[in-house]
Protein chains: 2
Amino acid sequence: MVKFDFARLSGHVYAKTTMQNHPLKQIRRREIIRAGTTVEQMVRAIADMIVTGQMLPGEKLDEVSLAARFEVSRTPVREALRELGAMGLIDREPNRSAVVTNVTETYLHSMFEAMAELEAICARLSAERMTVDERRTLELEHKASMRLVHAGAQEEYAAHNTEFHTRLYRGAHNDHISEMVTQTRARLAPFRRAQFRLPGRLAKSYEEHGRIVSAIMRADGAAAAQAAYSHVEMVSDASAVFATGMEPGARNA
Amino acid sequence: MVKFDFARLSGHVYAKTTMQNHPLKQIRRREIIRAGTTVEQMVRAIADMIVTGQMLPGEKLDEVSLAARFEVSRTPVREALRELGAMGLIDREPNRSAVVTNVTETYLHSMFEAMAELEAICARLSAERMTVDERRTLELEHKASMRLVHAGAQEEYAAHNTEFHTRLYRGAHNDHISEMVTQTRARLAPFRRAQFRLPGRLAKSYEEHGRIVSAIMRADGAAAAQAAYSHVEMVSDASAVFATGMEPGARNA
DNA sequence: TGAGCTGAAATTGCATGCACATTTCGATTT
DNA sequence: AAATCGAAATGTGCATGCAATTTCAGCTCA
């Protein structure tokens, strides 16, 4: 049983919230330490494990193991699990262990479709509402990413890609839509992980981004929406390969 | 301090999940009794109180009072609060009491806009995908509601209205979009409650529904989307009157 | 052989208790 | 009288413990 190291999480120093029996009580609580409560940290940590594929769909999450792993009691673990359940990352049923959500193929499809629709909305709104600064940064960052394509830097391009889409969400200037699309994106992450490994996918992605950017630059909402929709469709197709080959629930702890 | 009666909730018989000291153990657990765990019931109960306006934005939800009210310990209360927080119905910060979410005016606006976009998507997809049965029922129910408009039956029309929109969500045949729009709708409920009291709103709503239905019947997705979008815009405008007049946070327990 | 039963082990649901944080309110000072 | 400080009161965060449920290995019997 490997214990979990909170400190690794998101590059922040970790300190237990409750300073029970701790001699150094004078450290300012969480003014320097941007970490939140134990539960919040656990939520992030577990969500991360699911989203990055360290935990596969169907895998069980039992409370005592998690409590041991994080070195806390079951109480905060239960709260974290409840929140993860609300986020849709795990399934919970009364009196049985939580399980990493194993979406059906049709539900997965509905999520990809929803993703396309939401991204299309964001692109359209971005085309209509982005400030000059936002537009300029979007275009600059996009052009800068060409280097990554030529270098074939998959990891780095993936990071750029996330940022690109986040810019689109923010550019829509609608917080609720941003939240919805961000959450949907997180839930789809496990199924989208390996897409940039497909040959030629990087260049294709870059080209599709280009279409979105150019539509936004000329404030053509309809074109931006269209470009964003088909971009997500491509990703969806590319991901479907992995999703179906995944044999969910196979690795049950 | 009035204690809460679980049995009143959603018309189902209530039985504590744990049968501690109960002689009748042979009743099949929760096959007949559709109630769920204590926490689930509390989530529903509290969400209901918020959504129906029995609890106003800004009102505090302290754990000990709730525990007393529901006659449980603080542990399940905390879990319920965590879930309500994830649903966006309450705000929680470490070491302070949960508070009924008091959305800012701009966030409220973003939710109404998101609602319009989502409803438009549902209407478009419904126009493209509804089965003949779904289309027929939608039209029949819509026409039947004319009676309620003439009678001025606000309560009944509100119920019909909910069902009408739910039909649209289901007709889109996309579970994830359904979930998103349903959740958004729930969060907006407190601000939309009184809209049918506005003079002439019933007839206007009926007319707008009619446009959506007719577009769906002739499978015109674009028109359906357009009609749905402007329908929600109307509701948004009608609700804004109440939202701004609400003076949130005024009634702090 | 295998389907069903049984009881112990593993695991979840909730109550209780204590440490720490925040808020409240009165005493003291200016 | 207003402002400030500090201690009691109120409330949250988490640990621990017990009852109830689920799981599963071993057994029974058709």
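Visitor: Explain the overall build of chain A to me, please; I cannot follow it from the model alone.
Guide: In terms of helices and strands, chain A carries ten helices and three strands. Its helices and strands in sequence order give chain A the pattern α-β-α-α-β-β-α-α-α-α-α-α-α, from N to C terminus. Taking all 253 residues of chain A together, the buried fraction comes to 38%.

Visitor: I keep staring at the interface of chain B and chain A and nothing clicks. Help me out?
Guide: Many descriptions give the size of an interface as the accessible area lost when the pieces come together. Contacts between the two partners involve 23 residues from chain B and, on the opposite side, 22 residues from chain A. Every element with two or more residues in the side of chain B that touches chain A is listed here: α3 (74-87), α4 (105-129) and α8 (175-192) of chain B. Here the residues of the side of chain B that touches chain A are counted per class, giving nine nonpolar, seven polar and seven charged.

Visitor: Which parts of the structure should I look at to understand the sheet that holds strand β2 (residues 90-91) of chain B?
Guide: Spatial strand order, β1-β3-β2 (chain B): three strands in an open sheet with antiparallel pairing. Each end of this open sheet is capped by a strand with a single partner; those strands are β1 (60-61) and β2 of chain B.

Visitor: Is there a simple way to explain the relation of the copies chain B and chain A in this structure?
Guide: Each of the two chain copies can be generated from the other by rotation about an axis followed by a shift along it. The transform that puts chain B on chain A rotates by 180° and translates by 0.0 Å along the axis, for an RMSD of 0.2 Å. Expressed as an axis order, the relation between the two copies is that of a two-fold axis. Most of the interface of chain B is mirrored in chain A, where 96% of its interface residues again form contacts.

Visitor: Would you mind showing me how to read the domain arrangement of chain A here?
Guide: Split into domains, chain A comes out as domain 1 (6-100) and domain 2 (105-244). With six residues of domain 1 of chain A at the interface, the matching set in domain 2 of chain A holds six residues.

Visitor: What is the right way to read the confidence of the model for chain A from this model?
Guide: As a note on interpretation, predicted positions should not be read in detail where pLDDT is low. All names here are of chain A. When pLDDT is averaged along chain A, the result is 84; 81% of the residues meet or exceed 70. Contacts from residues 10-34, a stretch scored under 50 in pLDDT, to residues over four places away or in other chains number 15 contacts. Below a pLDDT of 50 lies the segment residues 244-253, which in the model reaches 13 contacts outside its immediate sequence neighbourhood of four places, other chains included.

Visitor: So what exactly am I meant to see when it comes to unusual backbone geometry here?
Guide: Excluding glycine, a negative phi dihedral is what most residues carry, and trans is how most peptide bonds are arranged. Residues and elements named next belong to chain A. Although it is not a glycine, Asn-95 sits at a positive phi angle of roughly 65°. Mapped onto the fold, Asn-95 is located in the loop between β2 (90-91) and β3 (98-100). Of note in the backbone geometry, His-173 takes a positive phi value of approximately 55° without being a glycine. On the secondary structure map, His-173 appears in the loop between α7 (154-171) and α8 (175-192).

Visitor: Help me out: how do you make sense of the nonpolar core in this one?
Guide: Counting 70 residues, the largest nonpolar core has Cys-122, Ala-123 and Ala-228 of chain A together with Cys-122, Ala-123 and Ala-228 of chain B as its most contacted members. Once residues lying within four places of it in the same chain are set aside, the contact partners of Ala-228 of chain B are Glu-119, Ala-120, Cys-122, Ala-123 and Ile-212 of chain B. One finds Val-43, Ile-50, Ala-98 and Val-100 of chain B within the second-largest nonpolar core, a separate group that totals 19 residues.

Visitor: Sorry if this is basic, but what is going on with the sheet that holds strand β1 (residues 60-61) of chain A here?
Guide: Within a sheet, each strand pairs with its neighbour through backbone hydrogen bonds, oriented either parallel or antiparallel. Residue and element names in this part refer to chain A. Pairing is antiparallel across the open sheet formed by three strands, whose spatial order is β1-β3-β2. Where the open sheet ends on each side, the last strands, each with one partner, are β1 and β2. Relative to β3, β1 runs antiparallel, the two sharing two bridges. Among the inter-strand pairings, Lys-60 is bridged to a residue of β3, identified as Val-99.

Visitor: Any chance you could explain the environment of Thr-104 of chain B here in plain terms?
Guide: Residues and elements named next belong to chain B. Mapped onto the secondary structure, Thr-104 falls in the loop between β3 (98-100) and α4. Look at Thr-104 and you get exposed, because 10 C-beta atoms sit within 10 Å. As for Thr-104 and Ala-116, which are separated by twelve residues in sequence, their C-alpha atoms are 18 Å apart.

Visitor: Teacher, can you tell me more about the environment of Phe-70 of chain A here?
Guide: Residue and element names in this part refer to chain A. Mapped onto the elements of the fold, Phe-70 is located in helix α2 (residues 63-70). Sequence spacing of Phe-70 and Met-42 is 28 residues, and the spatial spacing of their C-alpha atoms is 7.8 Å. Setting aside anything within four residues of it in sequence, one finds Phe-70 in contact with Phe-4 and Met-42.

Visitor: What is the right way to look at the packing of helix α3 (residues 74-87) of chain A against α3 of chain B in this model?
Guide: A pair of packed helices is captured by two measures, namely the crossing angle of their axes and the spacing between those axes. In the contact formed by α3 of chain A and α3 of chain B, the axes pass within 9 Å of each other and the chain directions differ by 30°. In terms of orientation, α3 of chain A lies roughly parallel with respect to α3 of chain B. Handedness of the crossing formed by α3 of chain A with α3 of chain B: right-handed. Two secondary-structure elements touch here, α3 of chain A through Thr-75, Arg-78, Glu-79, Arg-82, Glu-83, Ala-86 and Met-87 of chain A and α3 of chain B through Thr-75, Arg-78, Glu-79, Arg-82, Glu-83, Ala-86 and Met-87 of chain B.

Visitor: Is there a simple way to think about α4 of chain B in this case?
Guide: An α-helix turns once per 3.6 residues; consequently, residues spaced three or four apart project the same way. Given a rise of 1.5 Å per residue, 25 residues ought to cover 36 Å, and the 36 Å separating the end C-alpha atoms of α4 of chain B matches this to within 8%. With 19 of 25 residues buried, α4 of chain B lies mostly within the body of the structure.

Visitor: Any chance you could explain the packing of helix α4 (residues 105-129) of chain A against α7 of chain A here in plain terms?
Guide: Residue and element names in this part refer to chain A. Axis separation between α4 and α7 bottoms out at 7 Å; the angle between their running directions is 65°. Where α4 crosses over α7, the handedness of that crossing is left-handed. Between α4, through Glu-119, Cys-122, Ala-123, Ser-126 and Arg-129, and α7, the contact on the second element is made entirely by Leu-168, Tyr-169 and Gly-171. Here the contact of α4 with α7 is composed, by residue class, of four nonpolar, two polar and two charged.

What counts and how
- Residues numbered from 1 in each chain as written.
- Chains lettered and ligands numbered in written order.
- Predicted model: local features only at pLDDT ≥ 70, side-chain atom pairs only at ≥ 80, totals over all residues.
- Helix = DSSP H or I, 4+ residues; strand = E, 2+ residues; numbered from the N terminus.
- Buried ≥ 20, exposed ≤ 12 C-beta atoms within 10 Å, placed from the backbone.
- Contact = placed C-beta atoms within 7 Å.
- Nonpolar A, V, L, I, M, F, W, Y, C, P; charged D, E, K, R; others polar.
- Pairing = 2+ DSSP bridges.
- Least-squares fit on C-alpha atoms with pLDDT ≥ 70 in both.
- Domains from an automatic or database assignment.
- pLDDT = per-residue confidence, 0-100.
- Core = buried A, V, L, I, M, F, W, Y, C linked by C-beta atoms within 7 Å.
- Axes fitted to C-alpha atoms, helices over the stretch in contact; angles between N-to-C directions.
- Parallel < 35°, antiparallel > 145°, perpendicular 65-115°, else oblique.
- Left-handed = near helix turned anticlockwise from the far one by under 90°.
- Expected span 1.5 Å × (residues − 1).

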